[in-house]
Each structure stands twice: as structure tokens, then as C-alpha cells.
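Each chain, letter by letter, is given below.
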Amino acid sequence: MRHPILISLCIAGVSVLPACEKNSDADVKRAIESVNVIDESNLNDVMLTVADPNESVAYFQKTIAQYPDRIDLKRGLAKSLVRAKKPTEAAIAWRAVIASPEGTNEDRIALADALIRANEWKKAEAELAQIPPTHETYDRYRIEAMVADANKKWSKADSFYETAVGLTTRPSGVLNNWGYSKLTRGDFAGAEKLFGEALAYDRSSFTTKNNLVLARAAQRKYDMPIVPMTQQERAELLYTAGLTAIKHGDVTIGQGLLEDAVETSPRYFDQAARALETLNASVTKG
């Protein structure tokens, strides 16, 4: 009498097994898709940071062709074009991002940045004007400061730079820009102070070191600032100071600085040697 019951249970067991297998397959598929998303996200990050910029552009162009509606890929392409020093194309890519329903104020700021890189200052200013004043971010004020600089609205630029510095934990770049703004205005002491502050946050920036030497040399301070520098950097900074001294009419001091530059890095740095040779030739003729 128990046999029919046993058979029924066996049949039920057989009918349940395929359902379990289907559920298992679905779980595996979801897991694989999750891993793929993570791998792709990591690859996107690599492409936006350490990959060759042109390879990054090609990667995002190819991926967008497969997934044309993905906003993250469109942003990746725009950022890659900026890294590849193709600002005009980057601006076009950012406009495509902004045209999407998922476009944000930060995307418009990135567009303004690309337009500045393409020397389209008025267009950049027009994009910034469309962003509500309540949207207060480091990048917004950094770019606003650069536009104000271009328009020679100095007090406005200073205000924007100061605000931007307060909105980031890594202000070396904006401090350098602010210092360069002061340098172009002829406020050499103010520029020197800002370049010094920038180097306190990032002592590796040669651009800032060179700007610091320019600001000091403009005040006829030709000695090297007390900042970390390699032998090659020292030679180039001596060269910068030497040329500035010569432009100021301090020819003897400039000649000595060029000689120091040659002695500091004779193997790698021959610009100073050529400048010194030209200077000596002109002095001999005179």
C-alpha cells in the first residue's frame, strides 16, 4: 500500500529538480553579470587614470558603439579626450552628455573647462552662467576664477580663487594658478607667497618651482629658493633666473647664473650652455 506514495514522492522529487537547476543557472548568470560590471568599472577607472590617453579614447568610442545610451561611457569619452589634449572634441562630447536627461551641473562645469582649454573663453563663461549660484563646488569656483582672470576682473578672480582653495584638501593647483595671476598683474611679492603655499602642498611640481623663481627674479632675488629639487631641476631653475636677470639688465649676475646652470647639469642641460655662448659672443662684440 505504501508503494504508490513512494512513487508519487519520487515523481515530485524529479519535478522539483529541474526547477532548482534553472534557479541555479539564473543565479550563476547574475553573478557573472555582476563580476563583469565590476571588471568593466575597474577597466573604466584604469582608462581614465593610467592608460595612454589615445588608447582610452579608442576604448570609450568602441564601448559607446555597443552601449550608446550609457551616460558613464559618454563621460568617460569626454574625460579621455581632455586627457588626450583634444579639447574641441572633448567639448562636443560634453555637450552630448549635457543633452542627456542624466546631464548634471558638474557636467556643464566640465564642458566649461574643455572650452577654456580650447581657448573658447566666452563660450565657457556662457556655460557657467547657466549654472545656479547655489551650486558651489571647487571646480566651479576654480573655473570661475580663470574666467574672471581672462576678463581682468582681478578682485572677482581673487574672491573665486580664495573660495576654491577653501573647498579642497589639495589646493596646490589652484594656488599655482592664483600665483600666476598675481605674476601677470605685476604683484610679484603676492605671487611669490602663493607659489610658496602651493609647494607646501605639492613639492613635486616643477611648474610651480619655476614660477616661484620667476616671481623672485622679478624682484631681483636671484638666489635659489629653499625647496626640494633634483640636479636637473636646479639647472633649469638657474637658467630661468639667469635669463630673467639678463632681461632686467643684470647681465653679470645672469652670466654667473647661466654658468652655474651648466656646471650643475652639464650632461643633461645644454640650453644654458647655448645661452651662455650667445651672451659671451655678444659681450665680446660689444
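For the structure, check the block above.
Residues numbered from 1 in each chain as written. Predicted model: local features only at pLDDT ≥ 70, side-chain atom pairs only at ≥ 80, totals over all residues. Heavy atoms only, no water.

Attention shifts here to the packing of helix α4 (residues 87–99) against helix α5 (residues 105–117). Helix-helix packing is characterised by the crossing angle of the two axes and by the distance between the axes. α5 packs onto α4 with a crossing angle of 160° between their chain directions and a minimal axis gap of 8 Å. Between α4 and α5, the interaxial angle falls into the category roughly antiparallel. Note that α4 runs across α5; the crossing there is left-handed. Within the contact between the two elements, α4 uses Pro87, Ala90, Ala91, Trp94, Arg95, Val97 and Ile98 and α5 uses Asp107, Arg108, Ala110, Leu111, Ala114, Leu115 and Arg117. Counted by class, the contact of α4 with α5 contains 10 nonpolar, no polar and four charged residues. (Axes fitted to C-alpha atoms, helices over the stretch in contact; angles between N-to-C directions. Helix = DSSP H or I, 4+ residues; strand = E, 2+ residues; numbered from the N terminus. Parallel < 35°, antiparallel > 145°, perpendicular 65-115°, else oblique. Left-handed = near helix turned anticlockwise from the far one by under 90°. Contact = heavy atoms within 4.5 Å. Nonpolar A, V, L, I, M, F, W, Y, C, P; charged D, E, K, R; others polar.)

Residues Leu43, Val46 and Val50 make up a contiguous nonpolar surface patch of roughly 260 Å² in combined accessible area. Checked against the element boundaries, Val50 lands in the loop between α1 (3–49) and α2 (53–66). Given a relative accessible area of 68%, Val50 falls into the exposed group. (Patch = residues over 30% accessible without salt bridge, like charges linked within 9 Å, V, L, I, M, F, W, Y side chains within 5 Å. Areas by Shrake-Rupley, 256 points an atom, 1.4 Å probe, with all protein chains shown as cover. Salt bridge = Lys/Arg side-chain N within 4 Å of Asp/Glu carboxyl O. Buried < 20%, exposed > 50% of the residue type's maximum accessible area, 1.4 Å probe, protein only.)

Okay, the pattern of salt bridges next. One pass over the full model with this rule turns up 19 salt bridges. Two residues, Arg142 and Asp139, come together in a salt bridge whose shortest N-O distance is 3.3 Å. One end of the pair, Arg142, and the other, Asp139, are both in helix α7 (residues 138–150), three residues apart, so they sit about a helical turn from each other. Asp139 sits in the partly exposed class, given a relative accessible area of 29%. The salt bridge involving Asp250 is made with Arg220; its shortest N-O contact spans 3.1 Å. On the criterion of sequence distance, the pair formed by Asp250 in the loop between α12 (231–247) and α13 (251–264) and Arg220 in the loop between α11 (206–218) and α12 is long-range, its members being 30 residues apart. When salt bridges that share partners are traced, they join Asp149, Asp158, Lys182, Arg185 and Asp187 into one network.

Purely geometric stuff here, so don't read any function into it on its own.
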